[in-house]
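Given next are the chains, with one letter for each unit.
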Amino acid sequence: MSAANAATFVYVGNADSQDISVLELKSSGDLTPVETAAVPGPAKPGSSLPLAVSPDKKRLYAGLRNEPYSVVTFAIDARTGKLTAVGPGPLADSMAYIATDRSGKYLFSASYGGNKVTVNPIGKDGVVQPALQIMPTDPNAHCIMADPSNRYVLHTSLGGDLVYQEKFDARTGKLTPNDPPSVSIKAKAGARHLVFSPNRKFVYLVDELDASIYVFPWDAKTGTLKKEVQVTTALPKGFDGKPWAADIHLTPDGRFLYASERTTSTLAAFGVDPKTGMLTSIDSYPTEKQPRSFNIDPTGRYLLSVGQLSHSMTSYAIDKATGKLTKLREYPVGKNPNWVEIVSFSR
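Residues numbered from 1 in each chain as written. Predicted model: local features only at pLDDT ≥ 70, side-chain atom pairs only at ≥ 80, totals over all residues. Heavy atoms only, no water.

So, about the overall build of the protein chain. Per the secondary structure count, the protein chain includes zero helices and 29 strands. A globule of 347 residues ought to have a C-alpha radius of gyration of about 20 Å, and the protein chain, at 18 Å, matches this closely. Dimensions along the principal axes, computed over C-alpha positions, put the protein chain at roughly 45 × 45 × 40 Å. Burial status across the protein chain gives 58% buried among its 347 residues. Here the protein chain has roughly 13900 Å² of accessible surface; of this, 52% comes from carbon and sulfur atoms. (Helix = DSSP H or I, 4+ residues; strand = E, 2+ residues; numbered from the N terminus. Rg over C-alpha atoms; globule rule 2.2 N^0.38 Å. Buried < 20%, exposed > 50% of the residue type's maximum accessible area, 1.4 Å probe, protein only. Areas by Shrake-Rupley, 256 points an atom, 1.4 Å probe, with all protein chains shown as cover.)

This is the structure we're talking about:
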């Protein structure tokens, strides 16, 4: 899909203002405000506002981390990008991360404080139904994601320093432990977020507590991680403080990887070897203050990063040849922005 025949919209989850900033991303890299959509729920805001987009791009889900815990479904207008609230559904706990399965029929959630992951059916109207499965985990579940085939699911335990490996039955929505059921990383690394490579051969894991990045070969047939082939760092050179890494994303062509680090408020950039999966450092770039989240547009041309303490978003151009970032502009968003989703529609 070329930029000329696509409309691209950006959705930023703002926890303290409990709303979603909607902007349109132009082919030039400029962003124009569309609207600010309030997320209906309790008056007291939660610590973050995780978002997820359905595979058909028709719905956006916003998880509320304040009691009573819920997830609000919004309908996305493909022409304007505007959101219309459809209705709330129940969540079993305060969820740090939400994602649909690849069919869009189920919502996965990971509870950092509740030490659990859950599976909720999604009704035909798009509203999330009560959980059909609640799985206890080691402390601080932080991410849950289906593999590209939708036959397996990975989820992390920050406190347990491991990645769980599950089989997923897309017919029933049930998770069952794979063999082996988990893969461990270095103690006190703090497994946080992960991403599958577009060629489905590798999984990249960013660890919160030491800012390490693990490169795992992915066995797509068995749904398991092989032994890591590399461990590198998202920290800028010379840093000797306390790491606090957050997010990780690949460009759609899989050539470049980026990770955010909150203590230094930087984005680490890496080149990716498509055959080995190995990472080569490109540089570290200053970004918004306390960058909990960022994302890359579907063309791979732009990276958008938000800062929880700056309450704004910075856009960067990605050099298609080198992966280097060039800062374009800063844009005001809501208070405590901590999640970015980017959706493109053909026109």
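Moving on: the layout of surface pockets. When its volume is computed, the largest pocket comes out at roughly 1400 Å³. Lining the largest pocket are 42 residues, with Arg102, Val195, His249, Asn295 and Glu341 positioned closest to its centre. Broken down by secondary-structure element, the contributors of at least two residues to the lining of the largest pocket are β4 (51–53), β8 (97–100), β12 (141–146), β16 (191–196), β21 (245–250), β25 (293–296) and β29 (337–346). For the lining of the largest pocket, the leading source of residues is β29, giving seven residues. Among the residues forming the lining of the largest pocket, the class breakdown is 24 nonpolar, ten polar and eight charged. (1 Å grid on protein atoms, 1.4 Å probe; cavity = no way out; pocket = protein on both sides within 12 Å on 5 of 7 lines; lining within 4 Å. Points joined across faces, edges and corners; volume = space filled by probe spheres on them. Nonpolar A, V, L, I, M, F, W, Y, C, P; charged D, E, K, R; others polar.)

Take the sheet that holds strand β2 (residues 19–25) next. In spatial order, the strands read β3-β2-β1-β29; together these four strands make up an open sheet with antiparallel pairing. Every other strand in the sheet has two partners, leaving β3 (31–38) and β29 as the edge strands with one partner each. In this sheet, neighbouring strand axes are inclined to one another by 20° on average, regardless of whether the strands run parallel or antiparallel. Note: β2 against β3, seven bridges, orientation antiparallel. When the sheet's bridge partners are listed, aspartate 19 is paired in β3 with alanine 38. (Pairing = 2+ DSSP bridges. Axes fitted to C-alpha atoms, helices over the stretch in contact; angles between N-to-C directions.)

All right, on to empty space enclosed by the protein then. Over the atoms rolls a probe the size of a water molecule, and its path tells where empty space is left. Per the counting criterion, the structure on display carries one cavity of 30 Å³ or more. Of the pockets and cavities examined, the largest cavity occupies roughly 40 Å³. Lining the largest cavity, in full, are Thr251, Pro252, Asp253, Phe256, Gly300, Ile318, Asp319 and Lys320. Grouping the constituent residues of the lining of the largest cavity by class yields three nonpolar, two polar and three charged.

Any functional reading would require information beyond the geometric quantities listed.
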